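An overview of the molecular structure
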Amino acid sequence: MAKLVVTIPDQDPVEHELGADETTIGRVNGNAIVIGEGSVSSQHAKILRSEGRYVFEDLHSTNGSFLNGNQVRSTPLDSNDKLTLGVVECVFVGDPVERPASLPKPPRELPREPKHAAPAAG
């Protein structure tokens, strides 16, 4: 399951599982992820999940949101993306890629020599 690892300055990181289709992030109770730090808006952002993909949306926060150093309003997330909300650092850890249990069999090898020789040009 995807997670958001939240690090407030001078505190240990806290992991939050992103199990819902919409996860709200903010300073006040009622958000799915509550970050008690003054630079985070009361309703700062949300992360939406649809068909295994995640999208981050800033909710017109006072201090803005940054993805890998660039200010964003709405952006898809990739694993290990770094979000900054005020002075709070967050890392998005995406779902592991599902791999098939076994690889399909390769197609049968074609004969190297044709069964019938081509007629001679004449």
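We now turn to the structure provided with this report. (Residues numbered from 1 in each chain as written. Predicted model: local features only at pLDDT ≥ 70, side-chain atom pairs only at ≥ 80, totals over all residues. Heavy atoms only, no water.)

1. Observations regarding the side chain of S61
- On the secondary structure map, S61 appears in the loop between strand 6 (53-58) and strand 7 (65-67).
- By relative accessible area, S61 is classed as buried at 8%.
- Engagement of the side chain of S61 in a polar contact is seen with the side chain of D58, the distance being 2.6 Å.
- In this structure the side chain of S61 is engaged in a polar contact, spanning 3.1 Å, whose partner is the backbone nitrogen of G64. (Helix = DSSP H or I, 4+ residues; strand = E, 2+ residues; numbered from the N terminus. Buried < 20%, exposed > 50% of the residue type's maximum accessible area, 1.4 Å probe, protein only. Polar contact = N/O pair within 3.5 Å; in protein donor to acceptor, adjacent residues only side chain to side chain.)

2. Remarks on the sheet that holds strand 9 (residues 74-76)
- On the basis of which strands lie adjacent, the open sheet formed by 5 strands has the order 4-3-5-6-9 and mixed pairing. For this open sheet the edge positions go to strand 4 (33-34) and strand 9, each flanked by a neighbour on one side alone.
- Note: strand 3 (residues 22-26) against strand 4, 2 bridges, orientation parallel. When the bridges of strand 4 are listed, G26 appears paired with V34. (Pairing = 2+ DSSP bridges.)

3. Quick word on the pairing of strand 5 (residues 45-50)
- Bridging between strand 3 and strand 5 involves 4 bridges; their strand directions are antiparallel. Across the sheet, residue E22 finds its bridge partner in strand 5, namely L48.
- The turn linking strand 5 back onto strand 6 is made up of 2 residues, and E51 within it adopts a positive phi angle of 55°.

4. Some words on the environment of V55
- Tracing the chain through its elements places V55 in strand 6.
- V55 sits 20 residues away from T75 along the chain, and the two C-alpha atoms are 5.6 Å apart.
- Once residues lying within four places of it in the same chain are set aside, the contact partners of V55 are K46, I47, L48, S74, T75 and P76. (Contact = heavy atoms within 4.5 Å.)

5. Comments concerning unusual backbone geometry
- Even without a glycine there, the phi angle at E51 is positive, about 55°.
- Along the chain, E51 turns up in the loop between strand 5 and strand 6.
- Using a relative accessible area of 80% as the deciding quantity, one classes E51 as exposed.
- Despite not being glycine, N68 has its phi angle at roughly 50°, a positive value.
- Positionally, N68 belongs in the loop between strand 7 and strand 8 (70-72).
- N68 sits in the partly exposed class, given a relative accessible area of 44%.

Everything listed here is a matter of coordinates, which is why it stays silent on function.
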